[in-house]
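# Geometric and topological summary
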Amino acid sequence: MKLAAIGSNCIDYYADIEGGRAYPGGGPVNMAVYVKRLGHESSYIGHIGNDKFGDLMRASIAERGVDTSHLHTLPGKTAVTQVKLDNGERILGDYDEGVLANYRLSEDDIDFICKHDIVVCDL
């Protein structure tokens, strides 16, 4: 089985942990990683910004063995959600959509996606 996960990615940023901690994720990113952990092939197709969070997102996904050949870097910011912990509960704060605001698949992306068995998308 080969999964194509398409759409959003987001850095959850905790300003109150260790002077600021960033955790990569987002529904499609998580799905691609989970499928890879189960021993199948997976790809993530999306956009990140050309900032430090984009670098972190790309490296984190690739380190887990997910195909990032269609993870595009665009000028601008990677999506970030400000998160706080309150007695162990995650409180979601401000969200900056960054380069995902104008997300569009290219014809090359669509051709690549068609080579997969299963597709998940949240946009």
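First things first, this report covers the structure right here in the doc. (Residues numbered from 1 in each chain as written. Predicted model: local features only at pLDDT ≥ 70, side-chain atom pairs only at ≥ 80, totals over all residues. Heavy atoms only, no water.)

Turning to the overall build of the protein, a few remarks are in order. Of the regular secondary structure elements, the protein holds 3 helices and 8 strands. In the protein, the succession of helices and strands from N to C terminus is β-β-β-α-β-α-β-β-β-α-β. Over its C-alpha atoms, taken along the principal directions, the protein stretches across nearly 45 × 30 × 20 Å. In the protein, which comprises 123 residues, the proportion classed as buried is 39%. Summed over all atoms, the accessible surface of the protein reaches about 6900 Å², with 50% contributed by carbon and sulfur. Distance from the positive charge centre (12 side chains) to the negative charge centre (19 side chains) of the protein: 3 Å. (Helix = DSSP H or I, 4+ residues; strand = E, 2+ residues; numbered from the N terminus. Buried < 20%, exposed > 50% of the residue type's maximum accessible area, 1.4 Å probe, protein only. Areas by Shrake-Rupley, 256 points an atom, 1.4 Å probe, with all protein chains shown as cover. Lys, Arg positive; Asp, Glu negative; His and termini not counted. Charge placed at Lys NZ, Arg CZ, Asp CG, Glu CD.)

According to the stated counting rule, one finds 2 aromatic pairs in the structure shown. When the ring of Y13 is compared with that of F53, the centres are 5.8 Å apart and the planes differ by 55°; the resulting orientation is tilted. Separated by 40 residues along the polypeptide, Y13 in strand β2 (residues 10-14) and F53 in helix α2 (residues 52-63) bring together distant segments of the chain. (Phe/Tyr/Trp six-rings, centres within 6.5 Å; stacked < 30°, edge-to-face > 60°.)

A few words on the sheet that holds strand β6 (residues 80-86). In spatial order, the strands read β3-β2-β6-β7; together these 4 strands make up an open sheet with mixed pairing. Edge positions in the open sheet fall to β3 (21-25) and β7 (89-96), since each of these has one partner strand only. If you compare each strand with its neighbour and ignore which way they point, the axes differ by 30° on average. Judged from the 6 bridges that link them, β6 and β7 form a sheet pairing that is antiparallel. In the sheet register, L85 faces β7, and the bridge partner there is R90. (Pairing = 2+ DSSP bridges. Axes fitted to C-alpha atoms, helices over the stretch in contact; angles between N-to-C directions.)

To continue, consider the sheet that holds strand β4 (residues 41-49). Judged by pairing direction, the sheet is parallel, and its 4 strands sit side by side in the order β5-β4-β1-β8 without closing on themselves. Both edges of this open sheet fall to β5 (71-74) and β8 (118-121), since each of them pairs with a single strand only. For this sheet the average axis-to-axis angle between neighbouring strands, irrespective of direction, equals 15°. Here strand β1 (residues 2-6) runs beside β8; their pairing, made up of 4 bridges, is parallel. Opposite A5, over in β8, you have V120 as the bridge partner. Its contacts with the sheet place helix α1 (residues 27-37) against β1, β4 and β8, and it is angled at close to 155° to β4. Contacting β4 and β5, α2 crosses the sheet at an angle of about 175° to β4. (Contact = heavy atoms within 4.5 Å.)

Of the volumes computed, that of the largest pocket is approximately 210 Å³. P24, G25, V29, N30, V33, Y34, R37, S60, I61 and R64 are the residues that line the largest pocket. Among the secondary structure elements, those contributing two or more residues to the lining of the largest pocket are β3, α1 and α2. Per-element tally for the lining of the largest pocket: the top contributor is α1, with 5 residues. Classifying every residue of the lining of the largest pocket by side-chain character gives 5 nonpolar, 3 polar and 2 charged. (1 Å grid on protein atoms, 1.4 Å probe; cavity = no way out; pocket = protein on both sides within 12 Å on 5 of 7 lines; lining within 4 Å. Points joined across faces, edges and corners; volume = space filled by probe spheres on them. Nonpolar A, V, L, I, M, F, W, Y, C, P; charged D, E, K, R; others polar.)

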